[in-house]
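A structural walkthrough
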Amino acid sequence: MSRGAPVCQHHPACSSEVLGRPLVSPTLMEGPGSVLHRKHMRLVCSTMMQMSTCRPWPGWRSHSQRPCQPWKSVVPCVKGLGRMRMRRRKCSLACMKPLQVVLEAWRIGWEGCPPHTGHIPSPSTPVWKRCDLLPFLLLPLAAHYIQVLKCRQQCVLEIATKPGRISATEDFIPSHLDLLQFAYSQVGNQTLAAECAASYLLFYPTDEPMLEKMKEYRTELGEDTAVTARQSIQHYVQRSLMEKKLIYYAVEHLGETFNDPDLWTPDELIPENLKQKHREDQEKQKRETLDVEEREKRGPLPFEGIVVTMDSQQMNGTQRVVFDRVLTESECKDLLRLTKAAGEAGDGYRARRSPHTPHERFEGLTVLKAMQLAQNGDVEWRDAKLLLQASEKSRKIIESYFTPGKKLHFSFTHLVCRRAVDGEQEGRMDLSHPVHADNCLLDPEGQECWKEPPAYVYRDYSGILYLNDDFQGGGLFFTEMDSVTVTAEVRPKCGRLVAFSSGKENPHGVWAVSRGRRCAIALWYTHSQEHAEQDRVKAEELMEQRAAEQDQPGGDKHQGTDRRSRSSSAPRAPSRASKPAEQRQKPGVDREQHPTVLRARDEF
Ligand SMILES: O=C(O)CCC(=O)C(=O)O
Ligand SMILES: [Fe+2]
């Protein structure tokens, strides 16, 4: 379980020279607990975990630019175990409150009850005072007690949850100890490193790498030196184990349920039937992973002419792929024409024109907005329709490649352009789109990705269908969870579709667009029907309505219904869409169904 050199073993900071030499002179360390000592530990911890704060994007070299100040970062590592203990205690006490109330009521109830049986209560005695009924209170009381224990068990989640987060860091206390033992050993304090290692082993007694480390510490300290775990940790583990025993007993015999927050709970404590379920879940997960690997090898593409240019392996990651020839040059041209409307009437991004960087303008158009513009005669119907078709084609490709047989729904579709602002491009140090993951909140310091709001947690797959390459910069890149180690890059071009799973395995960003305008259709998909894009349904309705109108006698059959009949360079007939909207309304269709005011979306 131990990672030896924890979280940061693969972190750029660890391989850098920083950890090779002491960050602060050892003479400044004045024993555990001292302010300087704490500062030092904090420095080590943050350096290990926080180098990304010194390098805001991949490739940036801190030493020549700004001074690195990792100690300014706040990480769980800097909170001492003492503070954690206090918070846990407070939480436990809060759990006990309801129990105290019940116990008090029970005590009052027993008062005055004779010690022998056969006591006949008078009919007027309130139920809670009837001595003959009191034994029956035992069961609810036991149930209540179990609730208290369960509540106390959850306290660890409270201390493991960063401010502002909803989900907790997994295995928080053991990982913290693991990190501390590593940090202490790095600064040469083998005594405390050994103490942390011993404490860690209380959670995972058979952990091979930590047992190995322990051996090394013993050799370094001398076999006679006693190495013991921290007392507070000993108490914590003992107590927690007892609580778990009782809870699991109740799960087995009283039909209780329990969501164990710990990964370290010994197997022998878990009832056999629960273990069985746990094993089945693991098997299922394994099968799913294998399935994904299998699928990645092949996956029949539903369209001819499309090629897989790069797969996960070539992109040094999982669930990543690049397809080419998804669109023709002429289709790209048509869609680029549509993007002009995005610049004039588009919805930007969270209604902001420069959401990521002041050096670029961000222009966006949703499928519904495109249809409404077509309805108003501001854009060609055929172009708006092509947006629907191109995104549907991408959906089919991604579904058949990654999840054949499992329906992918649209979650959101956005035609987006990033345009370099005139001037203001010299010496740009920022990104067009900061490194992020699409369905979780990336936390590079903690090497976590929090699958919680405001992230779009229900998104399963992402796709970007590029329309052009006549701009400078603007490459898409993937990184490790640290957000700085680049693992793959994709150069946009017309008809190229990059697709990847939206989770933590695929952090990505976009290099600055320093000249020109970069346009693409950004696509997000979900397996969850309830999160299917409603705007798309409306857009399709508008499209169908339009087609129906054209089928009516006198309807114009030439406009925008058949893309094959006309190339983008063919001369255009005047747009029929420029008729007043009321005249285009299908009889009996309520216009109120199609809101004209669009919701601005924030997409990360
Ligand atoms: O445009 C791209 O290449 C990527 C954009 C992106 O990652 C996003 O919008 O979430
Ligand atoms: Fe993204």
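Below you will find a few notes about this structure. (Residues numbered from 1 in each chain as written. Chains lettered and ligands numbered in written order. Predicted model: local features only at pLDDT ≥ 70, side-chain atom pairs only at ≥ 80, totals over all residues. Heavy atoms only, no water.)

Observations regarding the overall build of the protein chain
Rule in force here: Think of it this way: any DSSP run of H or I at least four residues long counts as a helix, any run of E at least two long counts as a strand, and we number them from the N terminus. Residues are treated as being in contact if the distance between any of their heavy atoms lies within 4.5 Å. Residue burial considers only the protein chains on display, and all accessible areas are found by Shrake-Rupley using a 1.4 Å probe.
Per the secondary structure count, the protein chain includes 15 helices and 14 strands. Sequence separation of at least 24 residues holds for 74% of the intrachain contacts in the protein chain that already meet a minimum separation of 6. Summed over all atoms, the accessible surface of the protein chain reaches about 30,800 Å², with 54% contributed by carbon and sulfur.

As for the coordination of the iron ion (ligand 2)
Under perfect tetrahedral coordination by four donors, a metal shows angles of 109.5 degrees; under perfect octahedral coordination by six donors, it shows angles of 90 or 180 degrees. Keep this limit in mind: Any N, O or S atom lying within 2.8 Å of the metal counts as a donor, and for Na, K and Ca the limit rises to 3.2 Å; water is left out, so some sites can look incomplete. Remark: exposure states derive from per-residue accessible area (1.4 Å probe, protein chains only) relative to the maximum for the residue type, with buried under 20%, exposed over 50%, and partly exposed in between.
Taken together, His436 (NE2), Asp438 (OD) and His508 (NE2) make up the protein donors of the iron ion (ligand 2), found 2.1 to 2.2 Å from the metal. Mapped onto the polypeptide sequence, the residues donating to the iron ion (ligand 2) form the spacing pattern H-x1-D-x69-H. Within this pair, whereas aspartate 438 is found in the loop between strand S5 (431-436) and strand S6 (441-443), its partner histidine 508 is found in strand S13 (residues 508-511), the two being separated by 70 residues in sequence. Among the residues examined, histidine 508 registers a relative accessible area of 4% and is labelled buried.

Here we look at the state of the cysteines
Using the following cut-off: Two cysteine sulfurs form a disulfide in these notes if their separation is within 2.5 Å.
Following the criterion strictly, the structure yields four disulfides and no others. Paired by a disulfide, cysteine 417 and cysteine 519 hold their sulfur atoms 2.1 Å apart. Across the S-S bond of cysteine 417 and cysteine 519 the torsion is about 115 degrees, and the bridge reads as right-handed. Residue cysteine 417 is located in strand S4 (residues 409-420), and its partner cysteine 519 is located in strand S14 (residues 513-526); the two are separated by 102 residues in the primary sequence. Exposure remark for cysteine 417: the relative accessible area of 0% places this residue in the buried category. For cysteine 519, a relative accessible area of 1% gives the class buried. Here cysteine 440 connects covalently by a disulfide to cysteine 449, the sulfurs 2.1 Å from one another. Negative torsions about the S-S bond denote left-handed disulfides, and the value of about 90 degrees found for cysteine 440 with cysteine 449 makes this one right-handed. For the pair cysteine 440 and cysteine 449, a shared accessibility class is recorded, and that class is buried.

Notes on the layout of surface pockets
Rolled over the atoms, a probe as big as a water molecule pinpoints where empty space is left. So the rule is basically this: Two kinds of site are reported from a 1 Å grid over the protein atoms alone, namely cavities, where a 1.4 Å probe fits but cannot get out, and pockets, open sets with protein on both sides within 12 Å along at least five of seven lines, and residues are called lining when an atom falls within 4 Å of a point. Grid points are joined across faces, edges and corners, and a volume is the space filled by probe spheres set on the points. Under the scheme applied here, ten amino acids are nonpolar (Ala, Val, Leu, Ile, Met, Phe, Trp, Tyr, Cys and Pro), four are charged (Asp, Glu, Lys and Arg), and all others, including Gly, are polar.
One number sums up the size of the second largest pocket: a volume of about 1,000 Å³. Taken together, 34 residues form the lining of the second largest pocket, with Tyr248, Asp260, Asp262, Leu263 and His278 sitting closest to its centre. Elements with a minimum of two residues in the lining of the second largest pocket: helix H5 (155-159), helix H6 (172-186), helix H9 (231-253) and helix H10 (272-297). The greatest single-element share of the lining of the second largest pocket, amounting to eight residues, is contributed by H10. Residue composition of the lining of the second largest pocket, by class: 17 nonpolar, seven polar and 10 charged.

Considering the environment of proline 300
By secondary structure assignment, the location of proline 300 is in the loop between H10 and strand S1 (307-310). By relative accessible area, proline 300 is classed as exposed at 64%. Distance in space between the C-alpha atoms of proline 300 and proline 404 is 8.9 Å, their sequence separation being 104 residues.

Topic: the site of ligand 1
For the record, the criterion: By convention in these notes, a residue is near a molecule or strand provided one of its non-hydrogen atoms lies within 4 Å of it. Polar contacts, as used here, are pairs of N or O atoms within 3.5 Å; protein pairs need one atom able to donate a hydrogen and one able to accept it. Residues neighboring in sequence count only if both atoms are side-chain atoms.
Near ligand 1, the surroundings consist of Arg418, His433, His436, Asp438, Ile464, Tyr466, Leu476, His508, Val510, Arg518 and Trp524. Separating an oxygen atom of ligand 1 from a side-chain N or O atom of aspartate 438 is a distance of 3.3 Å. Histidine 508 places a polar side-chain atom, nitrogen or oxygen, 2.9 Å from an oxygen atom of ligand 1. Look at ligand 1: alone it shows 290 Å² of surface, and the protein chains cover 96% of it. Those elements that provide at least two residues to the shell around ligand 1 are S5, strand S8 (461-466), S13 and S14. Of the residues that constitute the shell around ligand 1, the class distribution is five nonpolar, three polar and three charged.

As for the nonpolar core
Definition in use: Side-chain atoms within 4.5 Å are what join buried Ala, Val, Leu, Ile, Met, Phe, Trp, Tyr and Cys residues into a set we call a nonpolar core.
Core analysis: the largest hydrophobic core is formed by 44 residues, its most contacted members being Phe323 and Leu335. The dominant element in this core, judged by the number of residues it contributes, is helix H13 (residues 381-402), at 10 residues. What leucine 335 contacts, discounting residues up to four positions off in sequence, is Leu327, Asp383, Leu386, Leu387, Ala390, Leu415, Leu467 and Ile521. Ala160, Phe172, Leu192 and Ala193 belong to the second largest nonpolar core, which has 27 residues in total.

A look at the packing of H6 against helix H7 (residues 190-203)
Counted only if it meets this: Convention adopted: a line fitted to C-alpha atoms gives each axis, helices being fitted over their contacting stretch, and angles between N-to-C directions are expressed from 0 to 180 degrees. By the definition adopted for this analysis, an angle is roughly parallel if under 35 degrees, roughly antiparallel if over 145, roughly perpendicular if from 65 to 115, and oblique otherwise. Whether a crossing is left-handed or right-handed is set by the direction in which the near helix is turned from the far one by less than a right angle, anticlockwise for left-handed and clockwise for right-handed.
It is the contact of H6 with H7, at a shortest axis distance of 8 Å, that shows an interaxial angle of 160 degrees. With respect to H7, the axis of H6 lies roughly antiparallel. For the pair H6 and H7, the sense of crossing is left-handed. Residue-level contacts link Ile173, Pro174, Leu177, Asp178, Leu180, Gln181, Tyr184 and Ser185 of H6 to Gln190, Leu192, Ala193, Cys196, Ala197, Ser199, Tyr200 and Phe203 of H7. Per-class residue counts for the contact of H6 with H7 are 11 nonpolar, four polar and one charged.

Brief notes about unusual backbone geometry
Look at the link from proline 453 to proline 454: it is a cis peptide, with omega at 10 degrees. Here proline 454 is to be found in the loop between strand S7 (448-450) and S8. A positive phi angle, near 55 degrees, is found at aspartate 171, a position not held by glycine. Accessibility expressed as a relative area gives 14% for aspartate 171, which makes it buried. Phi is positive for arginine 325, which is not a glycine, with a value near 65 degrees. Note on placement: arginine 325 falls in the loop between strand S2 (320-324) and helix H11 (329-345).

A word on the sheet that holds strand S10 (residues 476-479)
Where we set the bar: Any two strands with at least two DSSP bridges between them are considered paired.
Across the sheet, which stays open at both edges, the four strands sit in the order S5-S13-S10-S11 with antiparallel pairing between neighbours. With one partner strand each, in any of the chains shown, S5 and strand S11 (486-490) form the two edges of the open sheet. Geometrically, the sheet is characterised by an average inter-axis angle of 25 degrees between neighbouring strands, direction not taken into account.

Focus on the side chain of arginine 418
The condition that has to hold: Counted charges follow a simple rule, with Lys and Arg positive, Asp and Glu negative, and His plus the chain ends left uncounted. The term salt bridge refers to a side-chain nitrogen of Lys or Arg lying within 4 Å of a carboxyl oxygen of Asp or Glu.
Take arginine 418: it is sitting in strand S4. Notably, arginine 418 is buried but unbridged: the nearest opposite-charge side chain belongs to glutamate 360, and the N-O separation is 4.8 Å. A polar atom in the side chain of arginine 418 sits 3.0 Å from the side chain of serine 432. Discounting residues that sit within four places of it in the chain, arginine 418 has contacts with His356, Glu360, Arg361, Phe362, Ser432, His433, Val510, Val513, Gly516, Arg517 and Arg518.

Looking at helix H14 (residues 534-551)
Using the following cut-off: The span expected for a helix works out to 1.5 Å for each residue beyond the first.
Between the first and last C-alpha of H14 there are 26 Å, a value that for 18 residues agrees with the 26 Å anticipated at 1.5 Å per step. For H14, the set of buried residues is Asp535, Arg536, Ala539, Leu542, Met543, Gln545, Arg546, Glu549 and Gln550.

Some thoughts on the pairing of S5
For a regular strand, side-chain orientation follows a simple rule: the groups alternate between the two sheet faces. Counting buried positions along S5 yields five of six residues, so the element is predominantly enclosed. The pairing of S5 with S13 spans three bridges and is antiparallel. Note on S13: the bridge partner recorded for leucine 431 is tryptophan 511.

Overview of the pairing of S8
For S8, a buried count of six out of six residues is recorded, marking the element as mostly surrounded by other parts of the structure. Side chains Tyr461, Gly463 and Leu465 of S8 all project onto a buried face; the interleaved residues Ser462, Ile464 and Tyr466 project onto the opposite face, where all are buried too. One ladder, built from five bridges, connects S8 with strand S12 (residues 497-501); its direction is antiparallel. Considered in S12, the bridge of serine 462 is made with phenylalanine 500. Where S8 lies against S14, six bridges are found, and the strand directions are antiparallel. Bridge pairing in S14 places isoleucine 464 opposite alanine 522.

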